[in-house]
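So you can see what is in the structure, the chains are spelled out below.
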Amino acid sequence: MTPLSSSSSQSYVKDPRNDGVEIYVNGEFFKREDAKVSIFDAGFVLGDGVWEGLRLINGKLLAIDEHINRIFEGANSIQLDIGYSKAELIEEIWKCLRHNDMHDGVHIRMMISRGRKSTPNQDPRFIVGGATIVIVAEWKQPNPALKETGLKLMTSTIRCSTPDVFDLRLNSHSRLNFIQALLQAINMGADEALMLDNRGFVASCNSTNFFIFRGDELWTSDGLTCFNGITRKKVIKLWRDAGMTVHEKPFTLAEVYAADEAFVTGTLGGITPVASIDGRAIGSGKPGPKTARMNEIYQAYVAS
């Protein structure tokens, strides 16, 4: 198994077992090359849907209640009827895992769109039938090289939006602004984009949430314009439970450049260290001891 070429926090180790995994589409299972949705599906036509990323570790779905609550809250905000209760939707995930005989080391992407439309337009009243539900379960481990080298970030000119423009808490299928930010970073030789909010304060990265260490203090944004990250919340709680200080507050790039260490959080990668931002080394320019300590605490939580 070898890492894919991407060096972002979303990069992973290629696993040949995934070639035989079957994809769940509306209660049925299909080979990867045969899994399809309609070209009239609202998710394809307009990105009209919500999604969730989950991990299966040692036979357990990590933080499953938080993930299910988040996708239902997002669906409710756009008046999308999933067609299942929370318990029933969790059972559909387990159905997919049992079908593929998966028990550990699995990443799951669950995508729910408003469903098929009679014609490709914006109006949700043109929906025909119920929601489209797709579950892709894959054996997937984060690229271990990134834990050793750390990410290179670049500050994007694309800003994270406020809830009145686009609410990042929705986990919406629509991701063009973040893709644009990531493309800027890639074109400048970086791995991911660091994004600011409408005030110029640090918000998040294009697919992960962002943290810095200044001394023993852990800093992250005030949460107004960042992702509603479950791993982010867990990291904040774990560091506080360890008796340490966490600040959720606005801070600037100047304060980031002067940080001792930095890292990002996400469902797949967990905690991924950051080595440099805008070509400037953060601290020593290598993954530091406090990030390593935070990762140890987080991995102990995951193992438990």
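Reading guide: rules and limits
Residue positions are given per chain, counting from 1 as you read along its sequence in written order. Only residues with pLDDT of 70 or above have their local features reported here, since the model is predicted, and side-chain atom pairs are shown and tallied only from 80 upward, although totals for entire chains, interfaces and linings are computed over all residues. Water and hydrogen atoms play no part in the side-chain values, which are based on all heavy atoms of the structure. Helix and strand definitions follow DSSP, with helices as H or I runs of at least four residues and strands as E runs of at least two, each counted in order from the N terminus. In a helix, the anticipated span is given by 1.5 Å times the number of residues less one. Buried, partly exposed and exposed residues are distinguished by accessible area as a fraction of the type maximum, computed with a 1.4 Å probe on protein chains only: under 20%, between the cut-offs, and over 50%, respectively. The reported arc concerns the directions from the helix axis to the C-beta atoms and nothing else. We call two residues contacting when some pair of their heavy atoms lies within 4.5 Å. Side-chain rings of Phe, Tyr and Trp, where Trp is taken by its six-membered ring, are said to pair if the distance between their centres is within 6.5 Å; with planes under 30 degrees apart they count as stacked, over 60 as edge-to-face, and otherwise as tilted. For a Lys NZ or an Arg CZ to count as sitting over a ring, it must be within 6 Å of the ring centre and within 35 degrees of the ring normal. In this analysis, strands are considered paired if DSSP registers two or more bridges between them. We call a crossover right-handed when, viewed with the strands running away from us, the connection from the first strand over the helix to the second turns clockwise. Any carboxyl oxygen of Asp or Glu within 4 Å of a side-chain nitrogen of Lys or Arg constitutes a salt bridge here. In this text, buried Ala, Val, Leu, Ile, Met, Phe, Trp, Tyr and Cys residues form a nonpolar core when linked through side-chain atoms within 4.5 Å. Nonpolar side chains (Val, Leu, Ile, Met, Phe, Trp, Tyr) within 5 Å and like charges within 9 Å form the patches, drawn only from residues with over 30% relative accessible area and no salt bridge. Per-residue accessibility takes into account occlusion by the displayed protein chains alone, with areas from the Shrake-Rupley method and a 1.4 Å probe. Note on geometry: axes are lines fitted to C-alpha atoms, helical ones only across the stretch in contact, with angles between N-to-C directions running from 0 to 180 degrees. In a left-handed crossing the near helix is turned counterclockwise from the far helix by less than a right angle, and in a right-handed crossing that turn is clockwise. Note on residue categories: nonpolar means Ala, Val, Leu, Ile, Met, Phe, Trp, Tyr, Cys or Pro, charged means Asp, Glu, Lys or Arg, and polar means any other residue, Gly included.

Visitor: Would you take a moment to explain helix α8 (residues 289-303) for this structure?
Guide: Spacing of three or four residues puts side chains on the same side of an α-helix, whose turn is 3.6 residues. In a regular helix each residue adds 1.5 Å, so 15 residues correspond to 21 Å; α8 covers 21 Å between its end C-alpha atoms and thus fits that length. Within α8, burial applies to Thr291, Met294, Ile297, Tyr298 and Val302. The buried side chains of α8 occupy one side of the element, clustering within an arc of 140 degrees when seen end-on. Seen from the open side of α8, the exposed residues pointing more than 90 degrees away from its buried face are Pro289 and Ala303. As for α8, its buried residues are in contact with β3 (49-57), β10 (209-214), β11 (217-220), α6 (230-241), β13 (261-266) and β14 (270-277).

Visitor: Is there a simple way to explain the packing of aromatic side chains in this structure?
Guide: Ring pairs (aromatic) are described by centroid distance and by the angle formed between their planes. Tallied over the full model, the rule gives 7 aromatic pairs. Note on Tyr24 and Phe29: the rings are 5.7 Å apart at their centroids and 80 degrees apart in plane angle, and the pair reads as edge-to-face. Judged by relative accessible area, which is 0%, Tyr24 ranks as buried. Note on Phe29: relative accessible area 21%, which makes it partly exposed. Pairing Phe213 with Phe263 gives two aromatic rings, centres 5.8 Å apart and planes at 45 degrees, and the pair type is tilted. Taken together, the residues span a long stretch of sequence, with Phe213 in strand β10 and Phe263 in strand β13 at a distance of 50 residues. Across this residue pair, the class does not change: Phe213 and Phe263 are buried. A network of ring pairs unites the aromatic residues Phe211, Phe213, Trp239 and Phe263 as a single cluster. Positioned above the aromatic ring of Tyr257, the side-chain terminus of Arg280 is 4.0 Å from the ring centre.

Visitor: How should I be thinking about the environment of Thr291 in this particular structure?
Guide: Along the chain, Thr291 falls in helix α8. Since its relative accessible area comes to 4%, Thr291 is described here as buried. Beyond its immediate stretch of four places on either side in the chain, Thr291 contacts Phe213, Glu261, Ala262, Phe263, Ile271 and Pro273.

Visitor: I tried to follow the pairing of strand β8 (residues 192-196) on my own but got confused; where do I start?
Guide: It is a general feature of regular strands that their side chains alternate between the two faces of the sheet. Most of β8 is tucked away: 5 of the 5 residues are buried. Taking every second residue as pointing to the same face, both faces of β8 are buried, with Glu192, Leu194 and Leu196 on one and Ala193 and Met195 on the other. Note that strand β7 (residues 151-155) and β8 share 3 bridges and pair parallel. Residue Thr155 lies in a different strand from β8, and its bridge partner there is Leu194. Handedness of the β-α-β unit built from β7, helix α5 (residues 176-187) and β8 comes out right-handed. Connecting β8 to the next strand, strand β9 (residues 202-205), in antiparallel fashion are 5 residues, including Gly200 with a positive phi near 95 degrees.

Visitor: Even after reading the chapter, I still don't get the pattern of salt bridges, so can you show me in this structure?
Guide: Close approach of charged atoms allows side chains of opposite charge to pair. Scanning the model with the defined rule gives 15 salt bridges in all. A salt bridge links Asp197 to Arg199, with the shortest nitrogen-to-oxygen separation between them at 2.7 Å. Residue classification places Asp197 among the buried positions, given a relative accessible area of 1%. With a closest N to O distance of 3.3 Å, Arg240 and Glu248 form a salt bridge. Several salt bridges share partner residues, and in doing so they unite Arg32, Glu138 and Lys140 into one network.

Visitor: Can you help me understand the nonpolar core in this one?
Guide: Most often, soluble globular proteins keep nonpolar side chains buried together rather than apart. Grouped together as the largest cluster of nonpolar side chains are 28 residues, with contacts concentrated most on Leu89, Ile93, Leu97, Ile108 and Ile112. Contributions of two or more residues to this core are made by β3, α2 (64-77), α3 (86-99), β5 (106-113) and β6 (132-139). Excluding its chain neighbours within four sequence positions, the residues that come into contact with Ile93 are Leu54, Leu61, Ile64, Ile68, Ile108, Met110 and Ile135. Residues Leu153, Leu194, Cys205 and Ile282 belong to the second largest nonpolar core, which totals 19 residues.

Visitor: Which parts of the structure should I look at to understand the pairing of β10?
Guide: Taken across its 6 residues, β10 has 5 buried, putting it largely inside the fold. Pairing between β10 and β13: 5 bridges, direction antiparallel. Looking across to β13, one finds that Phe211 is bridged to Phe263. Sheet topology places β10 next to β11; 4 bridges connect them, and they run antiparallel. From the neighbouring strand, Phe213 faces β11, where its bridge partner is Leu218. Between β10 and β11, which pair antiparallel and follow one another directly, the connecting turn spans 2 residues, one of which, Gly215, has a positive phi of 65 degrees.

Visitor: I keep staring at a nonpolar patch on the surface and nothing clicks. Help me out?
Guide: Side chains of Leu176, Ile179, Leu183 and Ile186 sit close together on the surface and give an oily, nonpolar patch of about 390 Å² of accessible area. Mapped onto the secondary structure, Ile186 falls in helix α5.

Visitor: Can you help me understand the packing of α2 against α3 in this one?
Guide: Packed helix pairs are specified by the crossing angle of their axes together with the interaxial distance, meaning the distance between the axes. Where α2 meets α3, the closest approach of the two axes is 11 Å, and the angle between their N-to-C directions is 115 degrees. Crossing hand, α2 versus α3: right-handed. On α3, the residues touching Ile64, Ile68, Asn69, Ile71 and Phe72 of α2 are Lys86, Leu89, Ile90 and Ile93. The residue inventory of the contact of α2 with α3, partitioned by class, reads 7 nonpolar, 1 polar and 1 charged.

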